[in-house]
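Chains, contacts and geometry: an overview
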Amino acid sequence: MSDITVIGAGPMGSALARTLLRSGKKVTVWNRTSEKAEALVQEGAVFEPNAAFAVNASPIIIVCVATYEISRSILGSEDVAARMAGKLVVELSTGTPQDARNSEAWAHEQGADYLDGAIMATPPQIGMPDTPIFLSGSESAYRRSEPVLRVLAGNLIYLGESVGSASAWDLAALSTLFGSMFGFFHGARILESEGHRVDTFGSMIADISPVFGQMIKHEGELIQSETYDQPQSSVKTCMSTAELWVKQASEARINPDFPNFAKGLYEKAIQAGYENEELAAVIKVLRTDNE
Ligand SMILES: NC(=O)c1ccc[n+]([C@@H]2O[C@H](COP(=O)([O-])OP(=O)(O)OC[C@H]3O[C@@H](n4cnc5c(N)ncnc54)[C@H](OP(=O)(O)O)[C@@H]3O)[C@@H](O)[C@H]2O)c1
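Residues numbered from 1 in each chain as written. Predicted model: local features only at pLDDT ≥ 70, side-chain atom pairs only at ≥ 80, totals over all residues. Heavy atoms only, no water.

Our next topic: the UniProt feature "domain: 6-phosphogluconate dehydrogenase NADP-binding" (unreviewed entry) in the protein chain. In this numbering, the UniProt entry assigns the feature "domain: 6-phosphogluconate dehydrogenase NADP-binding" (unreviewed entry) to residues 3-160. Segment residues 3-160 splits into 39% helix and 22% strand. End C-alpha atoms: 25 Å apart. (UniProt positions renumbered as here; feature names shortened; annotations may be inferred. Helix = DSSP H or I, 4+ residues; strand = E, 2+ residues; numbered from the N terminus.)

This next bit is on the site of the ligand. Neighbouring residues of the ligand: 20 residues in total, closest M12, N31, R32, T33 and T94. Contacts to the ligand include A9, whose backbone N or O atom sits 3.3 Å from an oxygen atom. For the ligand, an oxygen atom lies 3.1 Å from a polar atom in the backbone of A66. Calculation on the ligand without its partners gives an accessible area of 880 Å², and the protein chains cover 72% of this total. Taking a 2 Å distance to the grid points as the criterion, the majority of the atoms of the ligand fall inside the second largest pocket. For the shell around the ligand, the element with the highest residue contribution is helix α1 (residues 11-22), accounting for 3 residues. (Near = heavy atom within 4 Å. Polar contact = N/O pair within 3.5 Å; in protein donor to acceptor, adjacent residues only side chain to side chain. Areas by Shrake-Rupley, 256 points an atom, 1.4 Å probe, with all protein chains shown as cover. 1 Å grid on protein atoms, 1.4 Å probe; cavity = no way out; pocket = protein on both sides within 12 Å on 5 of 7 lines; lining within 4 Å. Sits in = over half its atoms within 2 Å of the grid points.)

Attention now moves to the domain arrangement of the protein chain. Accessible area lost upon the coming together of the parts is a frequently used measure of interface size. Entries for the protein chain in the domain assignment read domain 1 (4-161) and domain 2 (197-288). The distance between the C-alpha centroids of domain 1 and domain 2 comes to 38 Å. (Domains from an automatic or database assignment.)

Before going further, it helps to examine the UniProt feature "domain: NADPH-dependent reductive aminase-like C-terminal" (unreviewed entry) in the protein chain. UniProt tags residues 164-287 as "domain: NADPH-dependent reductive aminase-like C-terminal" (unreviewed entry). The span residues 164-287 shows a helical share of 77% and a strand share of 0%, and its end C-alpha atoms are spaced 21 Å apart.

Listed below in structure tokens is the structure:
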């Protein structure tokens, strides 16, 4: 018997398995492509080519493959599902809240306990004291898996029994991250067009990001309280920045997609009458778009 089975030996699954091995755990690994598990075997993992036997090998099954659909295609085959009763499945693939709800229901039908998680880190950050993992699902599943998960990430954020929470917070955080990334890429093009270094820009943004974090926190508080009428940064003021991005893109002949996207949202907010409200009022436009 092993302590933990890891299903998936891609970059993230391998990092999880390796970190568990280095902490002294006995680890069984399954991966569709066996060659990708060879390095883990050299570090002490047992590679089990049969997914049903891999599930049978441990009380805790960590799944980290590309999608929930793939996860289900592996765990849902008849011989694997027959061995799920009594196991604890920790699903760490990235998905939606509905994916998590479906997976939990399926796991419970098989008699397995289930915890859903979302890793907010890259593979080299696994095992670090600050690394966050969002978790949600039954509290007993969380308590049972906590000692193992603590090896993988020092900052476990348990969001409660509503199993979709981890995916919801993950997608929301990723939206914030990648929204910033697109802004950063456009910023890099502005600096390139003026002959400046992009690596220095990245370092500078890392240094000042706590200030940006405080701004985001403030906007979140205003959205929660629906208070937009005492603007520190009005929609109109922020619109003028977007207009400057568009103007500079035209002057420097650089791609205007990001400035045009931002300007388009500001224009909708102004058309809706939010010109002199706080920037956070843009969310009112986003609330109406899909109705
Ligand atoms: N890498 C990151 O920075 C990061 C960060 C946070 C979260 N995550 C999440 O972690 C999960 C795994 O990510 P990853 O970085 O390891 O790379 P990935 O490319 O998303 O997933 C690779 C894993 O999925 C398996 N897989 C893909 N298609 C399959 C199929 N049809 N049948 C069976 N297995 C299949 C691969 O098996 P084969 O080796 O056989 O192809 C491999 O084990 C993803 O959900 C990802 O979003 C990754």
